[in-house]
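Analysis of the macromolecular model
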Amino acid sequence: MTATLENAPAKGETVLRLRGVSKNFGAVSALTDIELEVKAGEVVALVGDNGAGKSTLVKVLAGVHQPSAGTIEFCGRQVTLDSPAKALDLGIATVFQDLALCENLDVVANLFLGHELSPWALDEVAMEVRAWTLLRELAARIPSVREPIASLSGGQRQTVAIARSLLLDPRLIMLDEPTAALGVAQTAEVLNLIERVRDRGLGVIIISHNMEDVRAVADRIVVLRLGKNNGVFTPDSSNQELVSAITGATDNSVSRRAERKSGHAQESHGGAA
Amino acid sequence: MSQNPSQPMLDRSDERVRHDDSLAAMAKGFIDRVRSGDLGMLPVAVGLVVISIVFSALNPVFLAPNNLVNLLFDCATVGVISLGIVCVLVLGEIDLSVGSMSGLSSAMVGVLWVNMGLPVAVGILAALVAGAAVGLLYAALYNRLGMPSFVATLAGLLALLGLQLYILGPTGSINLPYASVLVRFGQILIMPDWLSYVLALLPGLAMVGRGLRTRSQRLAANLSAQPMRALILKAVVLTAVLEAAMFYLNLGRGLPWMFALFVALAVLLNYALTRTQWGRSMFAVGGNKEAARRSGINVRRIYTSAFVLCSTLAALGGVLSAARLASSSQQAGTGDVNLNAIAAAVIGGTSLFGGRGSAYSALLGIIVIQAISNGLTLLNLSSSLRYMITGGVLAIAVIVDSLARRSRVSHGRA
Ligand SMILES: Nc1ncnc2c1ncn2[C@@H]1O[C@H](COP(=O)(O)OP(=O)(O)OP(=O)(O)O)[C@@H](O)[C@H]1O
Ligand SMILES: [Mg+2]
């Protein structure tokens, strides 16, 4: 990876702490009294059903939405994240679920958007070299960095969005479903990457619906349900436990389906015997 | 240089991409781009050829050197306004009040300079400041109140026209002194022949110079570089065309200083749009405002810069047109000025949908527009017909833009 982080907090130090963060959209309370802590060199997975408020929480931390209540502490200081620029300056990088790329610009321009090298006479060559280096680390399959984003596939765009989050040497990276569109090799590469940035002492928040990926990299699993905290788990907790925390009931469609499957299997076994 | 075969160039490792290195392949690449809706300067080139053939057939005076010199004088006034339109169009916004703004600024110059006896520089400066202030107002309405620029500037169109009529007072027209530098600049001042030939060399030289520098930088960084042959060919053709144009103009009066000012502004704006962070941010905001905001771009400041630039350039265009007509009148900035400025940018290839465009589109587009208008005037057509035809041309330009955009979307070039 690139430059070493002098400003990175020591391992184990708290990078981010949320206290009582709430967010209302009109009558909808998307988030209520969220508590969350991320330490340096730690991967926290944020899981929950569709509409649980995961992306909203990420957007609050990225400065896209303003929280309705609560405090955010970053590296020990209380901060107000009133714009995306502020969050980026502090060292909070985000891969948004909807990617947020400019389709009319090429890959290099998107990677460096807002942080171009030499603002008064853009250094295209240096930016292109840096772009290739970053993309190569992600095992990206991108034919040309001079084509507009509009011509890329969903997974290629996702890779570009991930690469962009690494560009500014952040202290905290938030990835909102980063592997949703990725191929096998690219997913593995992203998981490797998450481990690498964790080892460099960054805090990582990853959102995913894929429990296998979550277990593979997360140090802690935080469950959100209907915009509220619903338990913190370790990667070795059982699937049953996680699913019931996510769906809010031991008797849920996931476990019913699992039972039905195993029941079927036994029946057919019985029939054959 | 690390061009050993075992280690391919950074940007040449994917075998799916065709690399257009030979001249034939480059031509093929160009055709592909046009097919996919990336028309570039093609409509302008086609338009100019058609216009020249039609109008010179109808009236041979059209292509006479001195008529072309007059054409360039006319291009400069509306062209400067069109440069500002490019800025707002790149953001996907519009300014419908540029005509009124130019009229107001021409009236301000007349009133402050001739009626009140202040130095001409004060009049010009005041007009430009007024332009900037109007732009700031539009930006505030857009940023703070979320008022669509279409509505705000439509209101501005009427309000500014009213202000223009108000300050001109009952007489309605002020003649500017013919002997003054301003009027001479707008009507008479022509570059010496030798200077026009020298200046016509610059674009080609700059092209080759920049090409060589980029090439050595890219090769040093293990990136592929364009072959020099194609670049030199382009530069030679460009230089030949420009020198021929200068020769032809110099058969008449020559190259107007006012047109040179317009070209200089276009070059400046082109640099700002393509080679600075501001320009990159402009295209980003025009392409996807929310993505730009999330990248840390101060979107409001970008909108403000574009609206201010547009209104200020409109004011400058007004000053130039006052100089051209040697008067500040109630008619200044009315009629087809607005639409010509917008049509020029669109014909030149700046999209009404935002995120695409170039400063040179104003330069080339205005030549097309003024050529049509000039040709129609030579045919002694009344302004009623002229308006209808110009309206039709704008409609065609917008249709081409829409179709090209649809094609780009389906070819992944949005
Ligand atoms: N801009 C907005 N305006 C109004 N309501 C919103 C907005 N953004 C999100 N919401 C609401 O907030 C709730 C949480 O949405 P959010 O996008 O955070 O869910 P999520 O956990 O990311 O779900 P998914 O797994 O589907 O991505 C939803 O009920 C959604 O309708
Ligand atoms: Mg989400």
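What counts, and at which threshold
Counting of residues starts from 1 at the beginning of each chain's written sequence and follows it residue by residue. Numbering of ligands from 1 and lettering of chains from A proceed in the order in which they are written. The predicted origin of the model limits local features to residues at a pLDDT of at least 70 and limits the giving and counting of side-chain atom pairs to 80 or more, whereas totals for whole chains, interfaces and linings rest on all residues. Remark: hydrogens and water are excluded; side-chain values derive from all non-hydrogen atoms of the structure. UniProt positions are given in the numbering used here, feature names are shortened, and annotations may be inferred rather than shown by experiment. Numbered from the N terminus, helices here are DSSP runs of H or I no shorter than four residues, and strands are runs of E no shorter than two. Between the two quantities, the radius of gyration covers C-alpha atoms and the globule rule is 2.2 Å times the number of residues to the power 0.38. Each residue is assigned to one of three classes by its accessible area relative to the maximum for its type, calculated with a 1.4 Å probe on protein chains only: buried under 20%, partly exposed between the two thresholds, exposed over 50%. Charge assignment: positive for Lys and Arg, negative for Asp and Glu; neither His nor the chain ends contribute. Where a charge lies is defined by one atom per residue type, namely NZ (Lys), CZ (Arg), CG (Asp) and CD (Glu). At least two DSSP bridges between two strands are needed for those strands to be called paired. To obtain an axis, a line is fitted to C-alpha atoms, over the contacting stretch when the element is a helix, and the angle between two such axes runs from 0 to 180 degrees between their N-to-C directions. In this description, contact between two residues means that some pair of their heavy atoms is separated by no more than 4.5 Å. We call an atom a donor if it is N, O or S and sits within 2.8 Å of the metal, or 3.2 Å for Na, K and Ca. Water is not counted, so some sites may look partial. For classification purposes, an angle smaller than 35 degrees is called roughly parallel, one larger than 145 roughly antiparallel, one from 65 to 115 roughly perpendicular, and anything else oblique. Definitions for this section: a left-handed crossing has its near helix turned counterclockwise from the far helix by less than a right angle. A right-handed crossing has that turn clockwise. Each residue gets one label: Ala, Val, Leu, Ile, Met, Phe, Trp, Tyr, Cys and Pro are nonpolar, Asp, Glu, Lys and Arg are charged, and the others, such as Gly, are polar. Throughout, the term near means that a residue has one or more heavy atoms lying within 4 Å of the molecule or strand in question. Pairs of N or O atoms within 3.5 Å make up the polar contacts considered here, provided that, within protein, one atom can donate a hydrogen while the other can accept it, and that residues adjacent in sequence are counted only when both atoms are side-chain atoms. Residue-level accessible areas treat just the shown protein chains as cover; the underlying method is Shrake-Rupley with a 1.4 Å probe. Between rings of Phe, Tyr and Trp, where Trp is taken as its six-membered ring, a pair exists when centres lie within 6.5 Å; planes separated by under 30 degrees are stacked, by over 60 edge-to-face, and by other angles tilted. A ring is scored as having a charge over it whenever the NZ atom of a lysine or the CZ atom of an arginine sits within 6 Å of its centre and within 35 degrees of its normal.

The name given to chain B in an unreviewed UniProt entry is Xylose transport system permease protein XylH, and the organism recorded there is Shinella fusca. According to the UniProt record, the Function (unreviewed entry) comment for chain B reads "Part of the binding-protein-dependent transport system for D-xylose. Probably responsible for the translocation of the substrate across the membrane." The Subcellular location (unreviewed entry) comment attached to chain B in UniProt states, word for word, "Cell membrane".

Per an unreviewed UniProt entry, the recorded name for chain A is D-xylose transport system ATP-binding protein, and the organism is Shinella fusca.

**Considering the overall build of chain A**
A tally of regular secondary structure across chain A gives 9 helices and 10 strands. Against the 2.2 N^0.38 benchmark of 19 Å for 273 residues, chain A shows a C-alpha radius of gyration of 20 Å, consistent with a compact globule. Based on the C-alpha atoms only, the size of chain A along its principal axes is roughly 75 × 45 × 40 Å. Counting across all 273 residues of chain A, residues that qualify as buried make up 53%. Separation between the mean location of the 27 positive side-chain charges and that of the 33 negative ones in chain A comes to 3 Å.

**Quick look at the sheet that holds strand β2 (residues 28-39) of chain A**
Residue and element names in this part refer to chain A. Pairing within the open sheet is antiparallel, and its 4 strands lie in the order β2-β1-β4-β5. Two strands bound the open sheet, and with one partner strand each, they are β2 and β5 (77-79). Ignoring which end each strand starts from, the neighbouring axes of this sheet average 25° apart. Helix α1 (residues 54-61) contacts β1 (14-25), β2 and β4 (69-74) of the sheet and is inclined by roughly 115° relative to β1.

**Structural notes on the coordination of the magnesium ion (ligand 2)**
Residue and element names in this part refer to chain A. At 1.9 to 2.1 Å from the magnesium ion (ligand 2) lie its protein donor atoms, namely Ser55 (OG) and Gln97 (OE1). One end of the pair, serine 55, is in helix α1; the other, glutamine 97, is in the loop between β6 (92-95) and α3 (107-111), with 42 residues separating them in the sequence. Owing to a relative accessible area of 42%, glutamine 97 belongs among the partly exposed residues under this scheme.

**A short note on the sheet that holds β6(A)**
Residues and elements named next belong to chain A. Read across the sheet, 6 strands follow the order β6-β7-β8-β3-β9-β10 without closing on themselves; strand pairing throughout is mixed. At either margin of the open sheet sits one strand with a lone partner, and together these are β6 and β10 (228-233). Looking at each pair of strands side by side, their axes are set apart by 20° on average, direction ignored. The pairing of β6 with strand β7 (residues 172-176) spans 4 bridges and is classified as parallel. Among the inter-strand pairings, threonine 94 is bridged to a residue of β7, identified as methionine 174. Packed on one face of the sheet, helix α6 (residues 184-199) meets β3 (43-47), β7 and β8 (203-207) and runs near 155° to β8.

**What to know about the packing of helix α4 (residues 98-115) of chain B against helix α13 (residues 299-325) of chain B**
Residue and element names in this part refer to chain B. With their axes 7 Å apart at the nearest point, α4 and α13 run at an angle of 55° to one another. One finds that α4 runs oblique with respect to α13. Seen along the crossing, α4 lies across α13 with a hand that is right-handed. Across the interface between the two elements, Val98, Met101, Ser102, Ser105, Ser106 and Val109 of α4 pack against Cys310, Ser311, Ala314, Ala315, Gly317, Gly318, Val319 and Ala322 of α13. Its residues assigned to classes, the contact of α4 with α13 comprises 8 nonpolar, 6 polar and no charged.

**Points about the site of ligand 1**
Residue and element names in this part refer to chain A. Lining the immediate environment of ligand 1, one finds 13 residues, of which Gly51, Lys54, Ser55, Thr56 and His209 sit closest. Backbone polar atom of glycine 51 to an oxygen atom of ligand 1: 2.8 Å apart, as the coordinates give it. At 2.7 Å, a side-chain N or O of lysine 54 approaches an oxygen atom of ligand 1. Burial of ligand 1 by the protein amounts to 62% of the accessible area it has alone, namely 630 Å². No other element matches the 3 residues that α1 contributes to the shell around ligand 1. Considering only residue class, the shell around ligand 1 consists of 3 nonpolar, 7 polar and 3 charged.

**Quick notes on the packing of aromatic side chains**
The way to describe two aromatic rings as a pair is by their centre distance and the angle between their planes. The final tally for this structure, using the stated rule, is 4 aromatic pairs over all chains. With a centroid separation of 5.4 Å and an interplanar angle of 45°, the aromatic rings of Phe55(B) and Phe62(B) are classed as tilted. Comparing Phe55(B) with Phe62(B) shows no difference in burial state: the two are buried. Taking 5.8 Å as the distance between ring centres and 75° as the angle between the ring planes, the aromatic pair formed by Phe259(B) and Phe262(B) counts as edge-to-face. Of the two residues, Phe259(B) and Phe262(B) are both situated in helix α10 (residues 257-275); the distance of 3 residues between them amounts to about one turn of the helix. The exposure class assigned to Phe259(B) is buried, which follows from its relative accessible area of 9%. Put simply, the rings of Tyr142(B), Tyr303(B) and Phe307(B) touch in pairs and so form one group of aromatic residues. Note that Arg294(B) overlies the ring of Phe96(A), its terminal NZ or CZ placed 4.3 Å from the centroid.

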